[in-house]
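# Fold and contact review
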Amino acid sequence: MRGGAFSRPLSVPPGMRLHRALSLKNVAYRDFLFAFLPFSVYTCPYMEQIVQNENETKDLGQTISTSLQDGDILCLYGDLGAGKTTFVKGLAKSLGITEEILSPTFTLMNIYNIKTSKPELRTLVHIDTYRLKTENDLKEIGAEDYLGQPGVVTIIEWPEKIMGLIENKKVIKIYFEHLSNHERKITIER
Ligand SMILES: Nc1ncnc2c1ncn2[C@@H]1O[C@H](COP(=O)(O)OP(=O)(O)O)[C@@H](O)[C@H]1O
Ligand SMILES: [Mg+2]
């Protein structure tokens, strides 16, 4: 389990401070820096990236997957078509999941076996509450057995609808903003 290390306030690494200072003025420099900064949701409490296409969103999912820990819950915020499921596809592929990732809009929850070399990560749970009527519907299909549990990584699209289920749990928040046709701003906070 993550224990005290996770709750300890973390300072922004020097590389990220430099990045912030430069990012508003020099987009090319920002992109260069991101390509070479090892990103971890555990070392950076805040991170923002502009992606230009679907593949870059998948790549970010893949990057995040490398620093996931046992019991993590990722909450994905953003409008329809913002890229949440696309992000999950990249993340899942990187976890060795070969099944096609389909949005659980109707099933509410899809479950996959993780096949990476990290033995502590066993199950990926993908929840989409877009069509959910009440939290109880999700409880009835056993979501509470997975949320934050050992061996499980849970990703929730539209977490706003199930705040009661996650209010006492530590979550990583990821915001997707639609900037233009293919451009998205993705912000990660923990
Ligand atoms: N940069 C981008 N990132 C993610 N998806 C993009 C991007 N540019 C265009 N798209 C398109 O937008 C749609 C995103 O769909 P999806 O990931 O299902 O969104 P959501 O799950 O947020 O509703 C897809 O059709 C995808 O091809
Ligand atoms: Mg979706």
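Residues numbered from 1 in each chain as written. Chains lettered and ligands numbered in written order. Predicted model: local features only at pLDDT ≥ 70, side-chain atom pairs only at ≥ 80, totals over all residues.

## Comments concerning the overall build of the protein
Definition in use: Helix and strand definitions follow DSSP, with helices as H or I runs of at least four residues and strands as E runs of at least two, each counted in order from the N terminus. Working definition of burial: number of other C-beta atoms within 10 Å of the residue's own, with buried at 20 or more, exposed at 12 or fewer, and partly exposed in between, all C-beta atoms being placed from the backbone. Residue pairs qualify as contacts under a 7 Å threshold applied to their C-beta atoms, which are placed from the backbone.
When its secondary structure is counted, the protein shows 7 helices and 7 strands. Start at the N end of the protein and walk to the C end: the helices and strands fall as α-α-α-β-α-β-α-β-β-α-β-α-β-β. Put simply, the protein has 190 residues, and 30% of those count as buried. Contacts in the protein between residues at least 24 apart in sequence constitute 67% of all its contacts with a sequence separation of at least 6.

## Topic: the nonpolar core
Using the following cut-off: To form a nonpolar core, buried Ala, Val, Leu, Ile, Met, Phe, Trp, Tyr and Cys residues must be joined through C-beta atoms within 7 Å.
One finds Leu76, Ala92, Leu95, Leu124, Ile155 and Ile156 to be the most contacted residues of the largest nonpolar core, which totals 32 residues. Among the secondary structure elements, those contributing two or more residues to this core are α4 (54–65), β2 (73–77), α5 (84–94), β4 (123–128), β5 (152–157) and β6 (172–178). In this structure, Leu95 is in contact with Ser65, Ile114, Thr116, Leu121 and Leu124, ignoring residues within four places of it in sequence.

## A few points about the sheet that holds β6
Rule in force here: Whether two strands pair comes down to DSSP finding at least two bridges between them. Lines fitted to the C-alpha atoms define the axes, with helices restricted to the stretch that makes contact. Angles between their N-to-C directions range from 0 to 180 degrees.
The 7 strands are arranged β1-β7-β6-β2-β5-β4-β3 in an open sheet whose pairing can be described as mixed. Strands with a single pairing partner mark the edges of an open sheet, and in this sheet they are β1 (46–51) and β3 (109–113). Here the strands of the sheet are splayed against their neighbours by 15 degrees on average, with no regard to which way each runs. Contacts between α4 and the sheet are confined to β1 and β7 (184–189), with β1 contributing the most and set at about 155 degrees to the helix. Here α5 sits on the sheet in contact with β2, β3, β4, β5 and β6, set at roughly 160 degrees to β5.

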